[in-house]
Amino acid sequence: MIKVILGNKGSGNTKELLNAVNAAAAEAKGSVVCIEKGTDLTYDVKHSVRLISATEYGIDSYKFLQGFLSGLHGGNFDICDVFVDGLCKVTGSKADSLEEAAEFLAWCEAFGAARGVNFTIAMAVDPETAPENIKKYC
């Protein structure tokens, strides 16, 4: 399963994502991972959540993030939920170029279905102008 949280910057995407992260951590039968650009969420997520700073690992593209997630899962088959706060920020891409983002979301959908991993991804993108191939995950 994949869920995308869309909203303009400052519209509460991160708060909604945090609620979902902490709810998943409370109910998860496996590992919960949350990826963000820096370390802003350190005190907001439950201690059982594996919080990863994309900056520390040099994540700078969608392909890099795909490889990173594949390797993360390869090292821990118990991962059941992955959350990404600010997909465009994490990958260093521009929010006005969403074709790669849509391809990444399709990859997440296939990857998650094959391995039983749920993805929840927040994006600072106006829901009114988001393309259909992204909106379909909302």
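Our structure's up above, just so we're on the same page.
What this report covers is the structure whose coordinates are included nearby. (Residues numbered from 1 in each chain as written. Predicted model: local features only at pLDDT ≥ 70, side-chain atom pairs only at ≥ 80, totals over all residues. Heavy atoms only, no water.)

If you tally the helices and strands in the protein chain, you get six helices and five strands. Listed N to C, the secondary structure of the protein chain is β-α-β-β-α-α-β-α-α-β-α in terms of helices and strands. Relative to the compact-globule value of 14 Å for 138 residues, the protein chain shows a C-alpha radius of gyration of 14 Å, a close match. For the protein chain, the spread of C-alpha atoms along the principal axes amounts to about 35 × 30 × 25 Å. (Helix = DSSP H or I, 4+ residues; strand = E, 2+ residues; numbered from the N terminus. Rg over C-alpha atoms; globule rule 2.2 N^0.38 Å.)

A separate point is the state of the cysteines. What the rule picks out here adds up to zero disulfides. In this model cysteine 80 remains outside any disulfide bridge; the closest cysteine sulfur is found in cysteine 34, 13 Å from its own. (Disulfide = S-S within 2.5 Å.)

Right, let's get into the layout of surface pockets. Size it by volume and the largest pocket reaches roughly 370 Å³. If you trace the largest pocket, you find 19 residues lining it, with Thr14, Asp85, Gly86, Lys89 and Ala124 closest to the centre. Of all elements in the fold, only α1 (13-27), α4 (87-91) and β5 (118-123) reach the threshold of two or more residues within the lining of the largest pocket. Taken together, the residues that form the lining of the largest pocket break down as five nonpolar, eight polar and six charged. (1 Å grid on protein atoms, 1.4 Å probe; cavity = no way out; pocket = protein on both sides within 12 Å on 5 of 7 lines; lining within 4 Å. Points joined across faces, edges and corners; volume = space filled by probe spheres on them. Nonpolar A, V, L, I, M, F, W, Y, C, P; charged D, E, K, R; others polar.)

Quick look at the sheet that holds strand β4 (residues 79-85) now. With parallel pairing, five strands are arranged side by side in an open sheet as β1-β5-β4-β2-β3. The open sheet has two free edges, formed respectively by β1 (2-6) and β3 (50-53), since each of these has just one partner strand. For this sheet the average axis-to-axis angle between neighbouring strands, irrespective of direction, equals 15°. Across four bridges, the pairing between strand β2 (residues 31-36) and β3 is parallel. In the strand pairing of β3, isoleucine 35 is matched with isoleucine 52. (Pairing = 2+ DSSP bridges. Axes fitted to C-alpha atoms, helices over the stretch in contact; angles between N-to-C directions.)

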